[in-house]
Amino acid sequence: MAKILIVEDEVKIARFVELELKYEGYEVEIANDGRTGLEKALKDDVDLVLLDIMLPGLSGIEVCRRVRLESKVPIIMLTAKDDVTDKVAGLDTGADDYMTKPFAIEELLARIRVALNRHSKEKQEVKTDVLKYGELEINLASHSVHYGKDEVTLTKKEYELLEYLLRNKNIAMTREQLLNNVWDYEYFGDTNVVDVYIRYLRQKIDDKYGIHLINTVRGVGYIIRDEK
Ligand code: CA
């Protein structure tokens, strides 16, 4: 059964929702503040996040934004009042849905089912093991890259950087994020290595095939956008 993470500082509400979800057969985890919520939401075994907006420490909006940098886990925001700006902000940062408190538990359960279904369908669709960008094709199982019929030979890091950017298509990635996620080490102030590898990738793909794959986002980092 799916595991649902409740990020909510109001203990009574968290407890109430937990009981209802468990009654429905879901596994439940609770975090009472934003930071713990973020940590737990990024674990692989969480299938859906119920995320309160007004949280101590890190707000729900900020948690949502950071989760979205790394994960597509469904997020349903819980807004305390019927605040349109909160809703817009939540959906803008990548939440799947929102509910206004107080809510009817039946409605929440229905929305949870919808979000879980939608997500499992998307998961099946991307299970093809291939990422594509125009003529460019990345085979995730064999770690090979082709442009049309040409094989593009990449080093391990070049490959991982390309895969990471493609998996996060349309999201601008900072150099720090790329370092943390592709090189697996913390940011110590020198992000030149990212630029160097971006240059390698551009030589091997953009320049060679005359396409515009990797875009620089000034003051931020890099992005691969949908092909036009
Ligand atoms: Ca709250």
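Just so it is clear, the structure is predicted and the values come from calculations on it, not from any experiment. (Residues numbered from 1 in each chain as written. Predicted model: local features only at pLDDT ≥ 70, side-chain atom pairs only at ≥ 80, totals over all residues. Heavy atoms only, no water.)

A. View of the coordination of the calcium ion. For the calcium ion, the full set of protein donor atoms is Asp9 (OD), Asp52 (OD) and Met54 (O), at a range of 2.1 to 2.3 Å. Each donor residue of the calcium ion belongs to the same chain, and together they define the spacing D-x42-D-x1-M. Residue Asp9 is located in the loop between strand 1 (3-7) and helix 1 (11-23), and its partner Met54 is located in the loop between strand 3 (48-52) and helix 3 (60-70); the two are separated by 45 residues in the primary sequence. Using a relative accessible area of 28% as the deciding quantity, one classes Asp9 as partly exposed. (Donors = N, O, S within 2.8 Å, 3.2 Å for Na, K, Ca; no water. Helix = DSSP H or I, 4+ residues; strand = E, 2+ residues; numbered from the N terminus. Buried < 20%, exposed > 50% of the residue type's maximum accessible area, 1.4 Å probe, protein only.)

B. Representation of the packing of helix 2 (residues 34-41) against helix 3 within the structure. Their axes nearest at 10 Å, the elements helix 2 and helix 3 cross at an angle of 20°. Comparing their axes, helix 3 and helix 2 come out roughly parallel. Handedness of the helix 2/helix 3 crossing: right-handed. Seen from helix 2, the contacting residues are Gly34, Arg35, Leu38 and Ala41; seen from helix 3, they are Val63, Arg66 and Val67. For the contact of helix 2 with helix 3, the residue count by class is four nonpolar, one polar and two charged. (Axes fitted to C-alpha atoms, helices over the stretch in contact; angles between N-to-C directions. Parallel < 35°, antiparallel > 145°, perpendicular 65-115°, else oblique. Left-handed = near helix turned anticlockwise from the far one by under 90°. Contact = heavy atoms within 4.5 Å. Nonpolar A, V, L, I, M, F, W, Y, C, P; charged D, E, K, R; others polar.)

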